[in-house]
Structure formats: structure tokens, C-alpha cells
Amino acid sequence: MLSILVCHSYFLRLDQKQIARAKPYPPLATLQVVSLLREAGHQVSFFDAMLAEGIEEYDRLLEADAPQLVLFYEDNFNFLSKMCLATMRRAACDMIGSARRAGARVIAAGPDVSDAPGPYLRAGADLALVGEGLSTLLELLPRFDAQLNVTNENLVRGLSGIASLSGGKVVKASGTKGLALAHDAGLAAWDLVDMNRYRSLWMKAHGYFSLNMAASRGCSFRCTWCSKPIWGNQYLQRSPLEVAAEMAHLKRTFNPDHIWFADDIFGFRVDWVSQFAAATRAADAQIPFNIQTRADLISERMALALRDAGCKEAWIGAESGSQKVLDAMNKGTTVSEILTARARLKSVGIRVGFFIQLGYIDEQLEDILATRDLLASAQPDEIGVSVSYPLPGTKFYDLVKAQMRAKTHWHESNDLEMMFHGTYTSDFYRAVRNLLHDQITWQTAAAGSLEHSREAHAIERRWQDLLTDELKYRSSGDISAATA
């Protein structure tokens, strides 16, 4: 059997916004692969970049373990991995170079690898897995095991979902087998996580300790901007009993105060959530948790079921207060549904966060103001604001790729940089983001004080100043066109 070092390249220290948030989670998908490989009999070690001080920690482990194979498997549940930040791509390529110098063969997998295998292959990776890659990986490893120096051509023969270099060009294997998704990725290798390191950071910053889980993989909806290089439009849900059993394991082994469910959509059906609630109660496994969901899934029954299961906070992809923009995104939800979902969750004591997206194609000033109005009406407890981010493989990317500038990925998660020719410049959207955040802070603060009233007036003045100057922020610079 092979000696394999499994790793990922998301270094928290390379993203200043996430350092400030101080909410790191272990790389869930990476840890699931570790378990899969151990079950297959391989000798597996693990490098967790999340809290590492730098690539030097990886280099030391590489030297000490001298693995035959290094597998870069990024955490597909981490939305920042899906964004493919430039700093993390650079770190991965540097780590691949170190692995090759150490004499190891290298396989790379992840959202950015699937979208753009070239940089990873040119950095020294032998192969790049396209999509989830677990089924393909399990077919590749016996070939490596039989002959470690086997050529890439022989490695990929008969397989699909693999990219490699040939004559300096990226080629994809043309085997007849389809890209099967693993039926179940299995329980993560939690025993290899330095929990004390994670716990210490969480406790120091927030006074509680949170861990991550996933009850499903993928999303069946088809929003135009949503990149799905790993699971496509499939939604693969684990059994509620299995998820409850994992929660019980985490509770008894690590005693977290909180769980973040990293699913794109948690629960989906009321009966699943109700069964999960019953299973966690029976196993004495309930832990307060946060989720992501959609407005159109929050019926009155769903809100009650989530409350009974232990949900304390639900994040909804509201995106915009403009129905025109929601329809252009193929979001499949209405402004009315967003308001109703917020009210239903609030009525059962569940906090609500809204994800807001600015700058989508043809979004105009009235659409931005409609989003401001939505937040004033719904009064979510928190918001996360971004600008539309074109990623390969999406309909949105195809619509704007002719306008794409030299910068194709954000450097860090706080860039908020427009990468196509939107209505306004990045500075305008940054100003709107700051105002929306301040609006939510003001809305959730205790009302009635003189300071609260002053803050309301200050926010309104800032809005008026921005609106007075908004023509200056038009990205075309053509004021006559903007006023036509």
C-alpha cells in the first residue's frame, strides 16, 4: 500500500479578513478523503494548512514522512475554496513544487483545480482530478501502488475526469467511464485534527468553540452565478440517523459548543429535518447549529422543525431586493418569499442572516436601493455582502467573459473587486457594502437613545452624499449615457 500525504492549501494567515473573523474550521472534505484512504489500507498522514504558520510546516512534514504520493484535496465545503483566491492558488503551487523536489508523485483536486487545472499541472502535479474525483482516485491508486513510476498516459488509460499535461498542453483523459460521485464520503478523520489549536482560537476570539459538519453535498438549483465544479446540480443527502450519529461522536469526543452545517442547503425537506431532530434527541446529541438555506424552503412547518432540531441561525441567499435582479440570476425566489421566510424564522426564535450580492448584470441604482429597502423591512440580524464574482462553468461567466479584465480571481476574500464591466466601480460597491453593514448594526442596536438617533442621521447623510455623487462612480464614465 502507498504512503500518502493528504493536504490542502487554505492558509488562514494569507487572508486578512478571515484572520479578523477568527472563525476557522477544519477542512471537512479533505478529512473525509483521509478516512477513505485509510479504509482502503493506505498509510496516510495529514497536513492542515488552516492554522499553520506557513509552508515551512508542510515542508517539515514532507521531509519527515517522505510520502510516495502527495494528494492536494481542497475542502469543497469551504466557500472560500470555491472562490479560488489567488493567494491560495499560489500556496498550492508552491507546495506542489516542494512535493516534487522531495521525489513524491502529486495529484491535485478541488474547485479551482477543476476549473483551471493548468496552473497546478505546470507547478508539477502529475494529474488533476476534475469534479469530486473520489471514485476516480480509488481507481488510480492501485495503478500507482503497482508501479509508482508509471507514466501518466498509463495511469489515466480508460478513465475520465482527469487532466494532465501533454506537450505542455492540458489534456483530459477520454475514458468511457462517467464521473461517478461517491455514494457517501464517510466520517471525517477528526482524530488527526489539532482540536486544541482550533478551540484556543475560537475561545479567545468568541468565547465558544464551533466545529463543522455537512448533511449533504451539492445543490439542485441553477442560479446563473453559482459555480458547481464538484457536484454539478446534484443534491446528495445523508440519512438523518447518520448525521445525528456523527454529531453524537463530535459531542462526546470534542464537546463543541456549536456546529456550522456547511451544506449549500440544509435539510431541504421538513420530514428529513424532523427525523434528524428526533435522532439527535434520542442519542443525546443535540448541539446548537447554524445553517444555509433558501427563502422558498422556509414553510411554517420547516421553521418549527429547524427550531426543534436545534437551529439557532439560518443564512438565506437573499442576494437582492430587486425582483428584476433575482429573475436575471435565475434565483427562483421572490422578494415576498424572502420577507416571509425572515418572519417565520424570527417567530420561532431563529436568528437570520442574509447573503447580499451587488453588481449583477444590469443592476441599476434603483435595484440597489430596493436591496436597501429589503434590509430595512426584513431587518435581518446579520448580512454578508459581496459583488458578483464570475467563475468558469457558470452562465454568468459566459455572459461577462468578454468584459473580464486582467484580474480573474480575488487576491483575498476582502477584495470586493469588480472583475467585469458592471454599472459602477468597485469603490461604489464598497461604499454601499459599508452602508448596508452599518444600517444592520443600527437596526439591531437598542433604539430610543440620542446616540441611536444620531447614528441614523449619519447613515442617511452618507447615503445622500453617495447618491449625489453616484454618476461619478459609473464605470463607463459616460454621464450622458447614464442620464439618457
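Look above for the structure.
Note that the structure is a prediction, hence the values are computed from the model and not measured.

**Q** Which residues make up the overall build of the protein chain, and what values go with them?
**A** The secondary structure content of the protein chain amounts to 20 helices and 15 strands. Taken against the 2.2 N^0.38 rule, which gives 23 Å for 484 residues, the C-alpha radius of gyration of the protein chain at 23 Å falls within 12% of a compact globule. Across the 484 residues in the protein chain, those meeting the buried criterion constitute 54%. For the protein chain, the share of sequence-separated contacts (at least 6 apart) that also reach a separation of at least 24 residues comes to 73%. Of the accessible surface of the protein chain, which amounts to about 20300 Å², a share of 50% is contributed by carbon and sulfur atoms. Each charge class in the protein chain can be summarised by its mean position, and for the 51 positive and 56 negative side chains these summaries are 1 Å apart.

**Q** Please provide a residue-by-residue account of helix 15 (residues 335-347), values included.
**A** The periodicity of an α-helix, 3.6 residues per turn, causes residues three or four positions apart to be oriented the same way. For helix 15, built from 13 residues, the straight-helix expectation of 18 Å at 1.5 Å per residue is met to within 8% by its first-to-last C-alpha distance of 19 Å. Among all positions of helix 15, only V335, I338, A341, R342 and L345 are buried. Summarising the axial view, the buried residues of helix 15 lie within an arc of 125 degrees, below the 170-degree limit, and thus occupy one face. On the buried face of helix 15, the contacting elements are helix 13 (300-309), strand 13 (311-319), helix 14 (323-328), strand 14 (351-358) and helix 16 (365-378). G349 sits one or two residues past helix 15 and shows a positive phi near 85 degrees.

**Q** Let's hear about the environment of S426: which residues, and what values?
**A** When you line up the elements, S426 lands in helix 18 (residues 426-444). Along the backbone, S426 and R454 are 28 residues apart, and their C-alpha atoms lie at a distance of 28 Å. Other than its neighbours up to four places away in sequence, S426 contacts L416, E417 and M418.

**Q** Break down the nonpolar core for me, citing the residues and quoting the values.
**A** If you look at the biggest cluster of nonpolar residues, it comprises 129 residues, and the most contacted ones within it are W190, F261, F266, F276, F289, L306 and F354. With seven residues, helix 2 (residues 28-39) is the single largest residue contributor to this core. Aside from chain neighbours lying at most four places away, what touches L306 is F266, V273, F289, I291, I298, C311, L345 and I350. Judged by nonpolar contacts, the second largest core, of 25 residues, contains F72, A91, A92 and Y120.

**Q** Explain the side chain of T293 to me, using residue names and the numbers behind them.
**A** Its place among the elements puts T293 in strand 12 (residues 289-293). With residues up to four places along the chain from it excluded, the contact list for T293 reads D264, I298, A314, W315, I316 and G317.

**Q** Tell me what's going on with helix 19 (residues 450-468), and back it up with residues and numbers.
**A** Over its 19 residues, helix 19 runs 27 Å from end to end, which matches the ideal 27 Å to within 8%, given 1.5 Å per residue. Within helix 19 the residues assigned to the buried category are H452, I459, W463 and L466. Seen from one end, helix 19 has its buried residues packed into an arc of 65 degrees, which puts them on one side. Exposed residues pointing more than 90 degrees away from the buried face of helix 19 are listed as L450, R461, D465 and T468.

**Q** Tell me about the pairing of strand 15 (residues 382-387), and name the residues and values.
**A** The alternating pattern of strand 15 places I383, V385 and V387 on a buried face and E382, G384 and S386 on a face that is not buried. Bridge count between strand 14 and strand 15: six bridges; the pairing is parallel. Bridge pairing links Q357 to S386 in strand 15. Following the chain from strand 14 across helix 16 to the adjacent parallel strand 15, one finds a crossover that is right-handed.

**Q** So what about unusual backbone geometry? Which residues, and what values?
**A** Unlike most non-glycine residues, A22 shows phi in positive territory, near 55 degrees. Looking at the element boundaries, A22 is found in the loop between helix 1 (16-21) and helix 2. What makes A22 buried here is its relative accessible area of 9%. In this structure, L416 is a non-glycine residue whose phi angle is positive, near 50 degrees. On the accessibility criterion, L416 (3% relative accessible area) is buried.

**Q** Got a sec to walk through the packing of helix 2 against helix 8 (residues 134-146)? Specific residues and values, please.
**A** The contact between helix 2 and helix 8 brings their axes to 12 Å, and the two run at 35 degrees. In the crossing of helix 2 with helix 8, the sense of the turn from one axis to the other is right-handed. Residue-level inspection shows V33, L36 and L37 of helix 2 in contact with helix 8, the latter providing L134, L137, L138 and L141. In terms of residue class, the contact of helix 2 with helix 8 is made up of seven nonpolar, no polar and no charged.

**Q** Got a sec to walk through the sheet that holds strand 12? Specific residues and values, please.
**A** On the basis of which strands lie adjacent, the open sheet formed by six strands has the order 8-11-12-13-14-15 and parallel pairing. Strand pairing shows two members of the sheet lacking a second neighbour, strand 8 (210-213) and strand 15, which therefore form its edges. Pairs of neighbouring strands in the sheet enclose a mean axial angle of 20 degrees, with direction left out of account. In this sheet, strand 14 lies alongside strand 13 in parallel orientation, the contact comprising five bridges.

**Q** Break down the pattern of salt bridges for me, with residues and values.
**A** Within the structure shown, the criterion is met by 24 salt bridges. Here E382 and R351 are joined by a salt bridge, their closest N and O atoms 2.8 Å apart. With E382 in strand 15 and R351 in strand 14, this residue pair connects regions lying 31 residues apart in the sequence. Residue classification places E382 among the partly exposed residues on the basis of a relative accessible area of 32%. Linked through salt bridges whose partners overlap, the residues forming this network are E313, R342, R351, D381 and E382.

**Q** How would you sum up the environment of E366? Please name residues and give values.
**A** Structurally, E366 can be placed in helix 16. Residue E366 is classed as exposed on the basis of its relative accessible area, which comes to 53%. Taking C-alpha positions, E366 is 23 Å from T441, a pair spaced 75 residues apart along the chain.

**Q** So what about the side chain of Q439? Which residues, and what values?
**A** Within the fold, Q439 resides in helix 18. Since its relative accessible area comes to 7%, Q439 is described here as buried. Setting aside anything within four residues of it in sequence, one finds Q439 in contact with R372, L375, A376, I459 and W463.

**Q** Which residues make up the packing of aromatic side chains, and what values go with them?
**A** A complete count under the given rule lists 24 aromatic pairs for this structure. With centroids separated by 6.0 Å and ring planes inclined at 25 degrees, the aromatic side chains of F221 and F268 adopt a geometry described as stacked. Of this pair, F221 sits in the loop between strand 9 (216-218) and strand 10 (235-237) while F268 is found in the loop between strand 11 (258-261) and helix 12 (270-282), placing the two residues 47 residues apart along the sequence. Judged by its relative accessible area of 24%, F268 falls in the partly exposed class. Here the guanidinium or amino end of R294 rests over the ring plane of F221, the centre of that ring lying 3.6 Å away.

The rules behind these values
- Per chain, the residues get numbers from 1 upward, laid out in the order the sequence is written.
- With the structure being a predicted model, the display of local features is reserved for residues of pLDDT at least 70 and the display and counting of side-chain atom pairs for 80 or more, all residues being used for whole-chain, interface and lining totals.
- Excluding hydrogens and water, the side-chain figures rest on all heavy atoms present in the structure.
- Runs of E in the DSSP output that reach at least two residues are strands. Runs of H or I that reach at least four are helices, and both are numbered from the N terminus.
- Just to be clear, the radius of gyration here is over C-alpha atoms, and the globule rule we use is 2.2 Å times residues to the power 0.38.
- To sort residues, take the accessible area from a 1.4 Å probe on protein chains only and compare it with the maximum for the residue type: under 20% means buried, over 50% means exposed, and anything in between is partly exposed.
- Only heavy atoms matter for contacts: two residues are in contact if any of them lie within 4.5 Å across the pair.
- In this description, accessible areas are obtained by the Shrake-Rupley approach with a 1.4 Å probe, and a residue is regarded as covered only by the protein chains that are shown.
- Charged residues are defined narrowly, with Lys and Arg counted positive, Asp and Glu counted negative, and His plus the chain ends left uncounted.
- Note that the charge is assigned to NZ on lysines, CZ on arginines, CG on aspartates and CD on glutamates.
- A helix is expected to reach a length of 1.5 Å times the quantity of its residues less one.
- The directions considered for the arc are those from the helix axis to the C-beta atoms.
- Residues enter a nonpolar core if they are buried and are Ala, Val, Leu, Ile, Met, Phe, Trp, Tyr or Cys, with the set joined through side-chain atoms within 4.5 Å.
- By the convention used here, strands pair only if DSSP detects at least 2 bridges between them.
- A clockwise path from the first strand over the helix to the second, with the strands pointing away from the viewer, defines a right-handed crossover.
- For helices, the fitted line uses only the C-alpha atoms of the stretch in contact; every axis is such a line through C-alpha atoms, and the angle between N-to-C directions lies from 0 to 180 degrees.
- Crossing handedness: left-handed means the near helix sits turned counterclockwise from the far one by under a right angle, and right-handed means the same turn made clockwise.
- Each residue is assigned to one of three groups, with Ala, Val, Leu, Ile, Met, Phe, Trp, Tyr, Cys and Pro labelled nonpolar, Asp, Glu, Lys and Arg labelled charged, and all others, Gly among them, labelled polar.
- A pairing counts as a salt bridge when a side-chain nitrogen of Lys or Arg comes within 4 Å of a carboxyl oxygen of Asp or Glu.
- Working definition: a ring pair exists when centres of Phe, Tyr or Trp rings (six-membered ring for Trp) sit within 6.5 Å. Plane angles under 30 degrees give stacked, over 60 give edge-to-face, the rest tilted.
- Here, a charge over a ring is recorded when the distance from Lys NZ or Arg CZ to the ring centre is within 6 Å and its angle to the ring normal is within 35 degrees.

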